[in-house]
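# Commentary on secondary and tertiary structure
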Amino acid sequence: PSTNGDPNAIVLVSDEKAAGRDSYEHNIGVWYEAGAQKWAIFNQNRVAVPTGATFEVEIPPASATFVHRAGVLNTDNNYTYLDNELTNGEPDAVLSVTQNWNPGGGRGVYNDHPVDAVYDAKLKKWAVFNRDGEPMPQGASFNIAVPTDAS
């Protein structure tokens, strides 16, 4: 209910695999369904989410979140570099990342690759990257949360 009707909400999800279980083998993301005015969890490869799949869902405070979009100026091969006051120059920050198909409820971009985050000490910026080395698609978007007590 806290996100219903809010296409700009920052929704974070993790799956069974992220929790240390090996039973879920899809790259997941979230998307906003404007007609239903609700957020949904989906598989990036567009395979139906199996009945009984479990996910942890978190809605962090707005002050600890932002949306990042991969673009021409911030993307290099399989990396897209974040530029935000919550992460710049913060090598000890703890980031939570969820792929967001359509920030704001518009059209979206699929990125069917496992993602992670890494700090680039040379640039003093964090980056989200495709762990399998595949190029980051332009327009791929990510919900980012950085707890303020973690840095």
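One can find the structure itself at the top, above this paragraph.
Criteria and thresholds
All residue numbers here refer to positions counted from 1 along the written sequence of the relevant chain. Under the rules for a predicted model, residues below a pLDDT of 70 receive no local features and side-chain atom pairs below 80 are neither given nor counted, while totals for whole chains, interfaces and linings still include all residues. Note: side-chain values were computed over all heavy atoms of the structure, leaving out hydrogens and water. Going along the chain from the N terminus, every DSSP run of H or I of four or more residues is numbered as a helix, and every run of E of two or more is numbered as a strand. By definition, residues are in contact when any of their heavy atoms lie within 4.5 Å. For Phe, Tyr and Trp, where Trp contributes only its six-membered ring, two rings pair if their centres lie within 6.5 Å, and the inter-plane angle classes them as stacked under 30 degrees, edge-to-face over 60, or tilted in between. With a 1 Å grid spanning the protein atoms alone, the term cavity applies to any set of points in which a 1.4 Å probe fits but cannot get out, the term pocket to an open set with protein on both sides within 12 Å along at least five of seven lines, and the term lining residue to any residue with an atom within 4 Å of a point. Grid points are joined across faces, edges and corners, and a volume is the space filled by probe spheres set on the points. Following the grouping adopted for this structure description, the nonpolar residues are Ala, Val, Leu, Ile, Met, Phe, Trp, Tyr, Cys and Pro, the charged ones are Asp, Glu, Lys and Arg, and the polar ones are all others, Gly among them. Throughout this description, the term nonpolar core refers to a set of buried Ala, Val, Leu, Ile, Met, Phe, Trp, Tyr and Cys residues connected via side-chain atoms within 4.5 Å. Relative accessibility thresholds used throughout: buried, under 20% of the residue-type maximum; exposed, over 50%; partly exposed, between the two (1.4 Å probe, protein chains only). Pairing between strands is defined by DSSP: at least two bridges between the two strands are required.

### A few points about the environment of Ala-145
With respect to the element layout, Ala-145 can be found in strand S11 (residues 141-145). With 99 residues separating them in the primary sequence, Ala-145 and Arg-46 have C-alpha atoms 25 Å apart. Those residues within four positions of Ala-145 in sequence are excluded, and the remaining contacts are Leu-12, Pro-60, Ala-64, Thr-65, Val-94, Leu-95 and Ser-96.

### Comments concerning the packing of aromatic side chains
This model, assessed by the stated rule, comprises 7 aromatic pairs. Connected via pairs of aromatic rings, a cluster forms that spans Trp-31, Phe-42, Trp-101 and Tyr-110.

### Focus on empty space enclosed by the protein
Taken as a whole and judged by the stated rule, the model has 1 cavity of 30 Å³ or more. One number sums up the size of the largest cavity: a volume of about 30 Å³. In terms of lining residues, the largest cavity is bounded by Gln-44, Gln-99, Asn-100, Trp-101, Val-109, Asn-111, Ala-140, Ser-141 and Phe-142. Tallied by class, residues from the lining of the largest cavity come to 4 nonpolar, 5 polar and no charged.

### Some points on the nonpolar core
Here is a general trend for soluble globular proteins: nonpolar side chains tend to be buried in one another's company. Core analysis: the largest hydrophobic core is formed by 15 residues, its most contacted members being Leu-82, Leu-95, Val-128, Phe-142, Ile-144 and Val-146. Those elements that place two or more of their residues in this core are strand S9 (115-120), strand S10 (125-130) and S11. Core analysis: the second largest hydrophobic core is formed by 8 residues, Val-13, Ile-28, Val-30 and Tyr-32 among them.

### Quick word on the sheet that holds strand S7 (residues 79-81)
Sheet architecture is open: 4 strands sit in the order S6-S7-S10-S9, paired in antiparallel fashion. The outermost strands of the open sheet, each flanked by one partner alone, are strand S6 (75-76) and S9. In terms of strand pairing, S6 meets S7 through 2 bridges, oriented antiparallel. By the bridge assignment, Asp-76 is partnered in S7 with Tyr-79.

### Here we look at the side chain of Thr-3
Of note, Thr-3 is situated in the segment before strand S1 (12-15). Sequence-distant contacts of Thr-3, that is, excluding residues within four places in its chain, are made with Ala-9, Val-11, Tyr-32, Trp-39 and Ile-59.

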